[in-house]
Amino acid sequence: MPRSISKLSLILRYSAWTVLTVLVIVVLLADFIAPYDYTAQTRSLPSAPPTPIRFVDEDGKFHSRPFIYEQVLSDPLFGKFTEARDTKYDLGLFVEGDRYKFLGLFPAQTRLFGVISGGPADAKVNILGTDPLGRDRFSRLVEAIRFSLIVCPLGALLAWLIGLAIGMISGYSSRVPDTIIMGVADSMLALPALVIILAVRAAFPPELPPLRAASLLVIIFAFTGWAEIARLTRGLVRALREREFILAARSIGLSETRILLRHILPNALPSIAAQAAVMLPYFLLSEVALSFLGVGLQEPQPSLGNMLSAAADINLLQRDPVVLLLPAIVIALFVLSIGVIKQNLRSTES
Amino acid sequence: MLNLVFRKIIQGVLVAFVVSAVTFSLLSAAGGDALTNLRDNPQVSPETVERLRIVYGLDRPLTARYFSWLSASAKGDLGESLYFKTPVAGLVFWRLLNTLVLGAASIIGAFSLAAFLVFFSARFPGSRLDGILDIAAVAAASLPRIVAALFALAIVVRSTGSAFEVGSGSWTMFFISSLVMAIPLFAVLLAQMHSGIKGAMKEPFVQFARAKGLSENAIIFRHASRAVLNPLLSVLGLSFGTIVSGSVIVETVLGWPGIGSLTVAAVRGRDISLVMGIVVVSSIFVWFGNGIAELLQVLNDRRMLAVESAWPN
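Residues numbered from 1 in each chain as written. Chains lettered and ligands numbered in written order. Predicted model: local features only at pLDDT ≥ 70, side-chain atom pairs only at ≥ 80, totals over all residues. Heavy atoms only, no water.

## As for the overall build of chain B
Across its full length, chain B carries 13 helices and zero strands. Element order for chain B, N to C, with α for helix and β for strand: α-α-α-α-α-α-α-α-α-α-α-α-α. Reported as C-alpha extents along the three principal axes, the dimensions of chain B are approximately 85 × 55 × 25 Å. Per-residue burial for chain B yields a buried fraction of 44% across its 313 residues. Residue pairs in contact within chain B that sit at least 24 positions apart in sequence constitute 74% of those at least 6 positions apart. Summed over its atoms, the accessible surface of chain B is roughly 15,700 Å², and 68% of this surface lies on carbon and sulfur atoms. Across chain B, the centroid of the 24 positively charged side chains sits 8 Å from that of the 17 negatively charged ones. (Helix = DSSP H or I, 4+ residues; strand = E, 2+ residues; numbered from the N terminus. Buried < 20%, exposed > 50% of the residue type's maximum accessible area, 1.4 Å probe, protein only. Contact = heavy atoms within 4.5 Å. Areas by Shrake-Rupley, 256 points an atom, 1.4 Å probe, with all protein chains shown as cover. Lys, Arg positive; Asp, Glu negative; His and termini not counted. Charge placed at Lys NZ, Arg CZ, Asp CG, Glu CD.)

This is the structure in structure tokens:
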């Protein structure tokens, strides 16, 4: 392979790991990174554009500390905003903001950035603007990343566990149960997945509170996504059970359960564990699709999918496409990163 | 051979049976039927709802309802859609045909481009194209349809201004929809054909063909491509499923009246008989596509017959 290409793939690999690290940090520190509470509404700022961050004031004087002016809805009919240039609000790092629980445990007030001494009456810094209800888009995007990237790995984990259990049973059982189980798995893989997921979702009420909707999605994904893991596990178990060390284990009189759990499983686990990470994009995209269509994770809880549904509105999309498509960019980056790492794993294997 | 066809058909019938039974019981057990909304309507008395339940047979036990649905659908009658007020069978058929047109266009497009690129990479081995194709396959595989569809929509909306209408069924929208559908297909086809032909060009039969004095083009088209055909067919068979699944998002965003947008309408409207019809018909359709692909693989390579009938390992 020419040198420039292998260099490029090295850069791609590092970028992929960087993206994933950043996303994990966002998931862990979402409340700290978001300047405001994701449900807090500022009624005076519906659909405001991103707040311009300035260094030069009205008199042409340069300030080393960035500042903003308050945005005012000057024309409610056409939704036009102007800046009130009389007071300037300094921005800073690690400022006091809305209360939250750090890592969901410790009460805290410090936010990564915001308006210094930002009382409730002060100007708001909305670096991505606000949505039609006056909520800060950036805070919502951060929370959406957290929610989606917690729900999807949970779904993947559950599907992985089910697939692992079914695959081990199938691989270790006699011919007839094995044929039946693998027949079911093959059929599941051959069906149009999203249509089946939607059909199952149709069985439940369309409007659900966020937590219940999330657990419903996790369960639906688990019950539709186990087949690939089960196939892989079964193949590995069938190959391993013919090996000499299993024969040896049996000859010293170990029970079959013990052989399966203590001797076959540890040998099969590494390849199956890698597959779990590879499944993540599939689950994320299913969540995104369902939430986008309005039957997944629902308002007021933001998720990558339901934030995207704002982009399906053509009038909004025409006005500020970049802001509305940011969740899509996050999704694409995540999927691409996993894809690059997967490709890399495969080429090191072969 | 005939044995295989027979087995595939029986398997397909079994799958359709199980899928329909599971979906039917789930949709019924979860409570809430087409009359749920009527119950909240103050103008409709509970007696009327009860009478309607008897009229539509919703008071009968689940198994009885399922078997009457099954016997009716075996005759091609999938019931009436409450949302669209038309028979389900015709609706699903025409919408599936629309999706098939879109899918066929995207498969042809994706295949032609991938084959063209792979031919050049095989013709000039060791060139920079090899690495570029590897990266292109990963990139295209990682571009989710929902992202591609929304970006395409944004570009169209920005460039045509407010004169634009979603669902106008214009040629531009057809072209864009099939392009978005084609991206992931292009990725799998490219990856499969590229690695396949790279492997095949190292095989002894290619060496032999070279020794015979065949031209490089003839080797690629007549010999190496034969070896790539089988995995390619299996990928194409699986693409029926991805087309039906992918159509859900692409058609909803870009407004193509196919099976995907119909599914969304059925789920949103809680149109149970329509959901049933879609699930069963699209499952059978996808199963049929896979089956045909498998048969073609056996026709291309008779050794597959032994693999097919042997104990799977």
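## Examining the overall build of chain A
Scanning chain A for helices and strands turns up twelve helices and four strands. A compact globule built from 350 residues should have a C-alpha radius of gyration of about 20 Å, whereas chain A, at 25 Å, is more than 25% larger. Dimensions of chain A, computed from C-alpha atoms along their principal axes, come out at roughly 90 × 50 × 45 Å. Looking at chain A residue by residue over its 350 residues, the buried ones come to 48%. For chain A, restricting intrachain contacts to residue pairs at least 6 apart in sequence, the fraction spanning at least 24 positions comes to 66%. The average position of the 32 basic charges and that of the 28 acidic charges among the side chains of chain A differ by 10 Å. (Rg over C-alpha atoms; globule rule 2.2 N^0.38 Å.)

## Comments concerning the sheet that holds strand β1 (residues 54–56) of chain A
All names here are of chain A. Strand order in the open sheet formed by four strands is β1-β2-β3-β4, and the pairing between neighbours is antiparallel. Across the chains shown, the open sheet's two edge strands, defined by having one partner strand only, are β1 and β4 (106–115). Ignoring strand direction, the axes of neighbouring strands in this sheet form an average angle of 55°. Bridge count for strand β2 (residues 62–75) against strand β3 (residues 80–102) is eight bridges, and the pairing is antiparallel. Each residue of the ladder has a partner; that of Ile-68, found in β3, is Tyr-89. (Pairing = 2+ DSSP bridges. Axes fitted to C-alpha atoms, helices over the stretch in contact; angles between N-to-C directions.)

## A word on the pairing of β4 of chain A
Side chains on a regular strand alternate between the two faces of the sheet. The pairing of β3 of chain A with β4 of chain A spans eight bridges and is antiparallel. Along β4 of chain A, the bridge assignment pairs Glu-96 of chain A with Thr-110 of chain A.

## Re the pairing of β2 of chain A
Residue and element names in this part refer to chain A. When β1 meets β2, the two strands line up antiparallel, connected through two bridges. Bridging across to β2, Val-56 finds its partner in Phe-62. If you look at the hairpin formed by β1 and β2, you'll find five residues sitting between the two strands, and Gly-60 has a positive phi there, around 80°. Where β2 folds back on β3, the antiparallel hairpin that results is connected by four residues, among which Gly-79 adopts a positive phi of roughly 65°.

## Quick look at the nonpolar core
Grouped together as the largest cluster of nonpolar side chains are 166 residues, with contacts concentrated most on Ile-145, Leu-304, Leu-308 and Phe-334 of chain A together with Leu-254 of chain B. Not counting residues within four places of it along the chain, the set of residues in contact with Leu-308 of chain A comprises Val-288, Phe-292, Leu-324, Pro-327, Ala-328 and Ile-331 of chain A together with Ile-146 and Leu-150 of chain B. Within the second largest apolar cluster, seven residues are counted, among which are Tyr-36, Ile-68, Ala-123 and Val-125 of chain A. (Core = buried A, V, L, I, M, F, W, Y, C linked by side-chain atoms within 4.5 Å.)

## Concerning the confidence of the model for chain A
In low-pLDDT segments, the atomic positions of the prediction should not be examined closely. Summarising the model, chain A shows a mean pLDDT of 85, and 97% of its residues fall at 70 or more. No element of chain A has a lower mean pLDDT than helix α11 (residues 314–319) of chain A, at 78, and none a higher one than helix α3 (residues 137–172) of chain A, at 92. (pLDDT = per-residue confidence, 0-100.)

## Concerning the interface of chain B and chain A
Counting from both sides, the interface comprises 52 residues of chain B and, opposite them, 51 residues of chain A. Each partner contributes to the roughly 4,200 Å² buried at the junction of chain B and chain A, and carbon and sulfur atoms together form 78% of this total. Counting every contact that joins chain B to chain A gives zero salt bridges. Joining chain B to chain A, the criterion identifies three residue pairs in polar contact (both at pLDDT 80 or more). Listed by contribution, the elements that provide at least two residues to the side of chain B that touches chain A are α1 (2–29), α6 (128–141), α7 (145–160), α10 (216–254), α11 (259–268) and α12 (272–300) of chain B. (Buried area = accessible area lost by both parts, 1.4 Å probe. Salt bridge = Lys/Arg side-chain N within 4 Å of Asp/Glu carboxyl O. Polar contact = N/O pair within 3.5 Å; in protein donor to acceptor, adjacent residues only side chain to side chain.)

## A word on a nonpolar patch on the surface
Residue and element names in this part refer to chain A. Judged by side-chain polarity, Val-24, Leu-28, Leu-103, Leu-105 and Phe-106 come together as a nonpolar surface patch covering roughly 500 Å² of accessible area. Looking at the element boundaries, Leu-105 is found in the loop between β3 and β4. The exposed category is assigned to Leu-105, whose relative accessible area is 56%. (Patch = residues over 30% accessible without salt bridge, like charges linked within 9 Å, V, L, I, M, F, W, Y side chains within 5 Å.)

## Looking at the domain arrangement of chain B
All names here are of chain B. On domain assignment, one finds that chain B holds domain 1 (2–87) and domain 2 (89–310). Here domain 1 and domain 2 have C-alpha centroids that lie 33 Å from each other. If you look at the interface, domain 1 gives 25 residues, while domain 2 gives 28 residues. Both faces combined, the contact of domain 1 with domain 2 buries some 2,200 Å², and carbon together with sulfur accounts for 72% of it. Here domain 1 and domain 2 share one salt bridge between them. Remark: the boundary between domain 1 and domain 2 carries five residue pairs in polar contact (both at pLDDT 80 or more). Top element by residues in the side of domain 1 that touches domain 2 is α1. It accounts for 13 residues. (Domains from an automatic or database assignment.)

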